[in-house]
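Okay, here's what each chain looks like letter by letter:
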Amino acid sequence: VQLQASGGGLVQAGGSLRLSCVASGLTFNNYAMKWFRQAPGKEREFVTAITWSGRASSYADSVKGRFTISRDNVKNTVYLQMNSLKAEDTAVYYCAARASRDEYLIPRRGVDYWGKGTLVTVSS
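Note that this is a predicted model, so its numbers are computed, not measured. (Residues numbered from 1 in each chain as written. Predicted model: local features only at pLDDT ≥ 70, side-chain atom pairs only at ≥ 80, totals over all residues. Heavy atoms only, no water.)

Comments concerning the overall build of the chain
Counting its regular elements, the chain contains zero helices and 11 strands. Sequence-ordered secondary structure for the chain, helices as α and strands as β, is β-β-β-β-β-β-β-β-β-β-β. Compactness check: the chain gives a C-alpha radius of gyration of 13 Å against a globular reference of 14 Å for 124 residues, within 12% of the reference. The principal-axis extent of the C-alpha atoms belonging to the chain is close to 40 × 25 × 25 Å. Pairs at least 24 apart in sequence give 60% of the contacts found in the chain among residues at least 6 apart. Per element, the accessible surface of the chain, about 6500 Å² overall, is 45% carbon and sulfur. Looking at the chain, you have 16 positive and 9 negative side-chain charges, and the mean spots of the two groups are 2 Å apart. (Helix = DSSP H or I, 4+ residues; strand = E, 2+ residues; numbered from the N terminus. Rg over C-alpha atoms; globule rule 2.2 N^0.38 Å. Contact = heavy atoms within 4.5 Å. Areas by Shrake-Rupley, 256 points an atom, 1.4 Å probe, with all protein chains shown as cover. Lys, Arg positive; Asp, Glu negative; His and termini not counted. Charge placed at Lys NZ, Arg CZ, Asp CG, Glu CD.)

A few points about the state of the cysteines
The tally for this structure, following the rule as stated, stands at one disulfide. Each sulfur in the disulfide pair Cys 21 and Cys 95 lies 2.0 Å from the other. Every disulfide takes its handedness from the sign of the S-S torsion; for Cys 21 and Cys 95 that torsion is 55°, giving right-handed. Residue Cys 21 is found in strand S3 (residues 17-24), and its partner Cys 95 is found in strand S9 (residues 91-99); the two are separated by 74 residues along the sequence. (Disulfide = S-S within 2.5 Å.)

Here's the deal with the packing of aromatic side chains
Inspection of every chain in the model, using the stated rule, returns three aromatic pairs. Considering the side-chain rings of Tyr 31 and Tyr 113, the 6.0 Å spacing of their centres and the 55° angle between planes classify their relative orientation as tilted. Highlighted residues: Tyr 31 in strand S4 (residues 31-38) and Tyr 113 in strand S10 (residues 113-114), separated in sequence by 82 residues. For Tyr 113, a relative accessible area of 30% corresponds to the partly exposed category. An angle of 55° between the planes, with centres 4.8 Å apart, marks the rings of Phe 36 and Trp 114 as tilted. Of the two residues, Phe 36 sits in strand S4 while Trp 114 sits in strand S10, which places them 78 residues apart along the sequence. What makes Phe 36 buried here is its relative accessible area of 12%. (Phe/Tyr/Trp six-rings, centres within 6.5 Å; stacked < 30°, edge-to-face > 60°. Buried < 20%, exposed > 50% of the residue type's maximum accessible area, 1.4 Å probe, protein only.)

Here you go:
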């Protein structure tokens, strides 16, 4: 199984970035997908998640209203649209997969597969 994240980079505060994560080696629509991030010197934290069908999603309070998760089950890809970026959003962003066929309930705990991260740097 591989989860390949891309789209990170350097952006000014207030700007936008779109991250992508392409999954291979698994049946993509058997998995809820999640994004986490880890800032320098801090623990990894949950950012957002989406059910396999895309019919439900959840967000950390710190990103609500600014970030949007979506997925394309044909392309085996999950996206993270990040708008109104702040310096405190600077982190390595990781995508993750959690086996679940529930269309509406996000599995809160557990990750079955992690991807390698992509660095997002927001300059103030």
